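# Results of the structural survey
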Amino acid sequence: MSCSKTQGGSDVDPSVQCGGCDAICCRLTVVLDPDDRVPSHLTDYTHDGLHVMARDEEGWCVAVDPEMGCSIYASRPDVCRRFVMGAPYCRDVRQVHHDQLRRGIPLTMY
Ligand code: SF4
């Protein structure tokens with residue numbers, strides 16, 4: 001998947017790898033920080049006024065490229081930089097996603 005969220009840590013499961021994932025984290029709501037430098041045409045505002053990464057019709061972040069990489073990797077938002085592959089939050093969203101797939105529940109947008 002896209003996000004190079006590959007920092008180490010004591011609570012990281014090394015068996016969880018982006019290459020075997022459906023880029024679930026790139027369907028999460030990416031709230032932008034005022035210091036982020038993301039091109040404005042890739043951003044949007046929620047009904048509550050939060051400045052976020054825009055999504056396509058299927059819920060993917062619009063910066064996901066065809067190879068499931070991040071097309072703005074060098075200037076990706078701070079929250080994306082802090083998302084750690086295999087850490088508890090990553091594992092939680094993967095678990096929810098897989099539970100929904102198993103039960104035939106449509107994807108949830110977070
Ligand atoms: S900005 Fe890049 S790393 Fe962040 S969600 Fe979008 S594609 Fe993934």
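Since the structure is predicted, the reported quantities are computational estimates derived from the model, not experimental observations. (Residues numbered from 1 in each chain as written. Predicted model: local features only at pLDDT ≥ 70, side-chain atom pairs only at ≥ 80, totals over all residues. Heavy atoms only, no water.)

What follows is about the confidence of the model for the chain. Counting all residues, the mean pLDDT for the chain is 87, and 87% of those residues have values of 70 or more. Scored below 50 in pLDDT, residues 1-6 makes 24 contacts in the model with residues more than four places away or belonging to other chains. (pLDDT = per-residue confidence, 0-100. Contact = heavy atoms within 4.5 Å.)

Now for the pattern of salt bridges. Inspection of every chain in the model, using the stated rule, returns 3 salt bridges. Two residues, R91 and D11, come together in a salt bridge whose shortest N-O distance is 3.7 Å. You can see R91 sitting in helix α2 (residues 88-102) and its partner D11 sitting in the segment before β1 (43-45), a full 80 residues away along the chain. R91 gets classed as partly exposed once you look at its relative accessible area, which sits at 27%. Of the charged contacts, one joins R102 and D99 as a salt bridge, the two residues approaching to 2.3 Å between their closest N and O atoms. One end of the pair is R102 and the other is D99, both in helix α2 and 3 residues apart, which spans about a single turn. The exposure class of R102 is exposed, given its relative accessible area of 62%. Exposure remark for D99: the relative accessible area of 22% places this residue in the partly exposed category. (Salt bridge = Lys/Arg side-chain N within 4 Å of Asp/Glu carboxyl O. Helix = DSSP H or I, 4+ residues; strand = E, 2+ residues; numbered from the N terminus. Buried < 20%, exposed > 50% of the residue type's maximum accessible area, 1.4 Å probe, protein only.)

Turning our attention to the nonpolar core. With 10 residues, the main nonpolar core is built from V30, L32, V38, L42, M53, C61, A63, C70, I72 and C80. Those residues in contact with L32, other than ones at most four positions away along the chain, are V38, T43, H51, V52, M53 and P77. By size, the runner-up hydrophobic cluster in this structure holds 9 residues, among which are C25, L28, F83 and V93. (Core = buried A, V, L, I, M, F, W, Y, C linked by side-chain atoms within 4.5 Å.)

So, about the side chain of R76. Positionally, R76 belongs in the loop between β2 (51-53) and α1 (78-82). The side chain of R76 is buried and forms no salt bridge, while D78, the nearest opposite charge, is found at 9.0 Å. (Lys, Arg positive; Asp, Glu negative; His and termini not counted.)

A separate point is α2. With 15 residues, α2 should cover 21 Å at 1.5 Å per step; its first-to-last C-alpha distance of 21 Å lies within 8% of that length. Taken as a whole, α2 has its buried residues at C90, V93, R94, H97 and Q100. Along α2, the residues classed as buried sweep out an arc of 130° about the axis, all on the same side. Once α2 finishes, G104 follows within two positions and takes phi at roughly 70°, a positive value. (Expected span 1.5 Å × (residues − 1). Arc of directions from axis to C-beta.)

Taken as a whole, this structure holds 1 aromatic pair when the rule is applied. Here the basic side chain of R27 rests over the ring of W60, its NZ or CZ set 3.7 Å away from the ring centre. Across the ring face of Y73, the terminal group of R76 is positioned such that the distance to the ring centre comes to 3.9 Å. (Phe/Tyr/Trp six-rings, centres within 6.5 Å; stacked < 30°, edge-to-face > 60°. Lys NZ or Arg CZ within 6 Å of the ring centre and 35° of its normal.)

The next subject is unusual backbone geometry. The backbone of M68 shows a phi angle near 65°, a positive value even though the residue is not glycine. Mapped onto the fold, M68 is located in the loop between β2 and α1.

Now for the environment of Q17. Within the fold, Q17 resides in the segment before β1. Along the chain, Q17 and G86 lie 69 residues apart, while their C-alpha atoms are 6.9 Å from each other. With residues near it in sequence (within four places) discarded, Q17 still touches M85 and R94. Engagement of the side chain of Q17 in a polar contact is seen with the backbone oxygen of P14, the distance being 2.8 Å. (Polar contact = N/O pair within 3.5 Å; in protein donor to acceptor, adjacent residues only side chain to side chain.)

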